[in-house]
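Coordinates in review
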Amino acid sequence: MTVSAGPVAVAQRLREGMAGGVLSFPLTAFHDDGTLDPDGYRAYVAERLAAAPGAVFPACGTGEFFSLDEDEYRQIVAITVEEAAGRVPVVAGTGYGWAQAVRFARIAEDAGADALLVLPHYLVAAPQDGLVAQLEQIAARTPLPLIAYQRGQVVYTADTLRRIAALPNVIGLKDGHSDLDRLQRLTLAAPDDFLFFNGASTAEIQARAYATVGVPAYSSAVHAFAPEIAGAFFTALRDDDHGTAGTLLRDFYVPLVELRDRVPGYAVSLVKAAARIRGHRVGPVRAPLTDPSPADLAALTALLTTGLDLVGATL
């Protein structure tokens, strides 16, 4: 077990990291029979870290948090912490109701995680007071800094944002709704040092729009299988290279989103399939997700080849 550096220090490390690279959400590796593959995951996450992300977020949505038991979760977070070796912040996912979220939080703390991403609670819609209470209950039971995740049934008002930002260890908000009017109101309501992240699916599509409301940092699912493409796009945005950014959006990212939208769950299973195409030992997705059809795999391979060619890389 390591001692958390504290909310202010972790927030500063995240701020510095996200200014220099995308946020990486690694896949969780499984054997063909669906059991956890710790060695495959270690090799895979080491390669993600070698591609210089701003931070790494294990066992979150892309990492199939919802399918992991507590022992598997412990292994995934511990391996990530070991491989990161302090180079970048490690932000582990947690979720479900607050009681179960706290169980995962304590495991992440013992494994050495720097912070937690609080995924949307399970199943039910809740009023704003309940959304605040959910974070209050978790925050009262872990010293780790928390990043709230606004997605699905979790939608914060500006007043609620002020309330959760006042909690001592809530340091930021990841947004997956892409309602820029609402998001602008949230950024204006937040303290100056509060962190915001673009968590839209295939976030690069909306990265320029998010930046206009003061949220330039984003998670990149593409980094999970093609860090060359993710890095080239990040650099193009940073350098105001609109030509390169536009080409990558038109010829790679938009077709990827169109393919992703064909089947529910492809936001994860396509990413995992792309990683397998590139030779990573990540295995299949777990139910209720399904792996892509042969036709969609062929389309994905062709698209991945195109995208890599655009940045001077190969399959």
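A brief structural summary. Everything quoted here is computed from the prediction, not taken from an experiment. (Residues numbered from 1 in each chain as written. Predicted model: local features only at pLDDT ≥ 70, side-chain atom pairs only at ≥ 80, totals over all residues. Heavy atoms only, no water.)

1. Points about a nonpolar patch on the surface
- A contiguous nonpolar surface patch, about 350 Å² in accessible area, is contributed by Y122, L123 and V124.
- Among the structural elements, V124 can be located in the loop between β4 (115-118) and α5 (128-139).
- For V124, a relative accessible area of 47% puts it in the partly exposed group. (Patch = residues over 30% accessible without salt bridge, like charges linked within 9 Å, V, L, I, M, F, W, Y side chains within 5 Å. Areas by Shrake-Rupley, 256 points an atom, 1.4 Å probe, with all protein chains shown as cover. Salt bridge = Lys/Arg side-chain N within 4 Å of Asp/Glu carboxyl O. Helix = DSSP H or I, 4+ residues; strand = E, 2+ residues; numbered from the N terminus. Buried < 20%, exposed > 50% of the residue type's maximum accessible area, 1.4 Å probe, protein only.)

2. Things to note about helix α10 (residues 242-260)
- Of all the bends in α10, the greatest, near 45 degrees, is centred on L249.
- Among the residues of α10, those classed as buried are A245, G246, L248, L249, F252, Y253, L256, V257, L259 and R260.
- Close packing links the buried residues of α10 with α8 (207-212), α9 (227-238), α11 (266-277) and α12 (294-310). (Bend = angle between axes of the 7 residues up to and from the residue. Contact = heavy atoms within 4.5 Å.)

3. Describing the pattern of salt bridges
- With the rule as written, the count across this model stands at 17 salt bridges.
- A salt bridge links E47 to R48; the nearest nitrogen and oxygen atoms lie 4.0 Å apart.
- Owing to a relative accessible area of 43%, E47 belongs among the partly exposed residues under this scheme.
- Assessed through its relative accessible area of 2%, R48 is described here as buried.
- Two residues, R286 and E72, come together in a salt bridge whose shortest N-O distance is 2.7 Å. Taken together, the residues R286 in the loop between α11 and α12 and E72 in helix α3 (residues 70-84) connect sequence positions 214 residues apart.
- Classification of R286 as buried rests on a relative accessible area of 15%.

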